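An overview of the molecular structure
Each chain, written out:
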Amino acid sequence: MIVNENMVVLSHERIAENIYELVLQGNLVDEIKAPGQFVHVKVGKGIDPLLRRPISIASHDPEQHTMTLIYRAEGKGTRLLSLVDRSERVDVLGPLGNGFSVEGQRKTALLIGGGIGVPPLYGLSRKLVENGWEVKHILGFQNESVSFYENKFGELGLTYVATVDGSLGSAGFVTDVISEEKPDFDVFYSCGPTPMLKALERQLEGKHGFISLEERMGCGIGACFACVCHKQDDPEGSSYVKVCSDGPVFPAGAVLL
Ligand code: FES
C-alpha cells in the first residue's frame, strides 16, 4: 500500500560532498516490500507535485520503523531538503516502484553501483546476505570527496572501489574493475548513470542481471512522462515502459537505454 506520512527525522548528516544521509521513522516503513523501491519526498510548501523529489530507499529497519535515504543536494529542491533538522517532520509518499527480486536459491551476486546509484544497492546487499547469498560489490565514484559507504559495503562482502581520478581505489570506471578482476557471479544487480548501465549491459551481455533506472525519473508518480523508455525488442514501436511505475528495476536488456 502507498502511504502519505509526515515522517520524523531521526538523523540527517552530510556524509560526503553534497551527499546527505537522512533517517526517517514512521509506519510507511511497514509497507516496503523490496530493496530498490523509492519514496517521493516533499521539499517545499504547497500542493505542486513537482515539489516532491524521488529518492531511493538505501535501507530500512522494520523493527525500528526506520528507513535511510541517501541523496545528492544538487538542485533547489534537494538543497532545501538538506536544511531539514532532526526532530522535524518530512512529508513522504511511498513506497513506490518495483524493487529488486531477491528470491531464488542462494548464489553469488555482483552489485555494481555508480555515484548516487549506490544507495539502493546497500539495502539489497544486506537482504541478499540475510538470505545466505555471497555478495561482491563494485562502487564507482567521480572522486574520493563524493564517495560514501565503502566500509559498510565492505562489512557485507568483497568490495572494489573505482574513482574516475584515481583518488580512491583504482583509477577508472566500474567496467575497468570487471575487466581486471573478472569477478565470478551468477546474477548482477546495478544502479547508476545511464552511460554506465549501457556499458555494463554491453560488457555483461548474456549474463543474468537486473538494472535500476532511477536516474531516468522525473516526477516519480506517473504524471510527467519524463521517464518513458522503449523496450529493446520494440525500439521503434508504440509500446513503452514508465520507469517510475513499471520499474525502476528491470531485467538487464529489457529496456532501450
Ligand atoms: Fe514522471 Fe514517471 S517520472 S511519469
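See the structure above.
This section reports on the structure supplied with the text.

The rules we used
Residues numbered from 1 in each chain as written. Predicted model: local features only at pLDDT ≥ 70, side-chain atom pairs only at ≥ 80, totals over all residues. Buried ≥ 20, exposed ≤ 12 C-beta atoms within 10 Å, placed from the backbone. Helix = DSSP H or I, 4+ residues; strand = E, 2+ residues; numbered from the N terminus. Pairing = 2+ DSSP bridges. Arc of directions from axis to C-beta. Contact = placed C-beta atoms within 7 Å. Axes fitted to C-alpha atoms, helices over the stretch in contact; angles between N-to-C directions.

Considering the pairing of strand S2 (residues 19–25)
Burial runs high along S2: five of the seven residues are buried. Bridge count between strand S1 (residues 3–16) and S2: seven bridges; the pairing is antiparallel. For Ser11, the partnering residue across the bridge sits in S2 and is Val23. Where S1 hands over to S2, the hairpin turn is made up of two residues, of which Asn18 adopts a positive phi near 65°. Pairing geometry for S2 and strand S5 (residues 66–72), over seven bridges, is antiparallel. Following the sheet pairing, Glu21 is matched in S5 by Ile70.

Here's the deal with helix H4 (residues 174–181)
By the burial criterion, the buried members of H4 are Val174, Val177 and Ile178. Around the axis of H4, the buried residues are gathered within 100° of arc, so they sit on the same side. Facing away from the buried side of H4, by more than 90 degrees, are the exposed residues Ser179 and Glu180. If you follow the buried residues of H4, they end up packed against strand S7 (108–114), strand S8 (134–141), strand S9 (158–163), strand S10 (170–171) and helix H5 (194–203).

Here we look at the sheet that holds strand S4 (residues 52–61)
Pairing is antiparallel in the closed barrel, where six strands are placed in the order S1-S2-S5-S4-S3-S6. Within this sheet the neighbouring strands show an average axis-to-axis angle of 45°, counted without direction. Bridge count for strand S3 (residues 38–42) against strand S6 (residues 89–96) is three bridges, and the pairing is antiparallel. By the bridge assignment for S6, His40 is matched with Leu93. The sheet contacts of helix H2 (residues 119–130) involve S4 and S5, and relative to S4 the element is tilted by about 25°.

Focus on the sheet that holds strand S12 (residues 208–212)
With respect to topology, seven strands assemble into an open sheet ordered S10-S9-S8-S7-S11-S12-S15, the strand pairing being mixed. Of all strands in the sheet, those with a lone pairing partner are S10 and strand S15 (249–251), marking the two edges. Note that S7 and S8 share seven bridges and pair parallel. The residue bridging Ile112 from the neighbouring strand is Ile138, located in S8. Strands in contact with H4 are S7, S8, S9 and S10; relative to S9, the strand with the most contacts, it is inclined by about 130°.

Some details on the environment of Ile15
Its place among the elements puts Ile15 in strand S1. Judged by the 12 C-beta atoms lying within 10 Å of it, Ile15 falls in the exposed class. Taking the C-alpha atoms as reference points, Ile15 and Phe148, separated by 133 residues in sequence, lie 6.7 Å from one another. With near-sequence residues (within four places) excluded, Ile15 lies in contact with Tyr20, Glu21 and Phe148.

With respect to the environment of Val255
In this fold, Val255 is placed in the segment after S15. You can call Val255 buried: it has 21 C-beta atoms within 10 Å. Put simply, Val255 and Lys231 are 24 residues apart on the chain and 4.3 Å apart in space, counted from C-alpha to C-alpha. Each residue touching Val255, except ones within four places of it in the same chain, is listed here: Leu213, Cys229, Lys231, Gln232, Val241 and Phe250.

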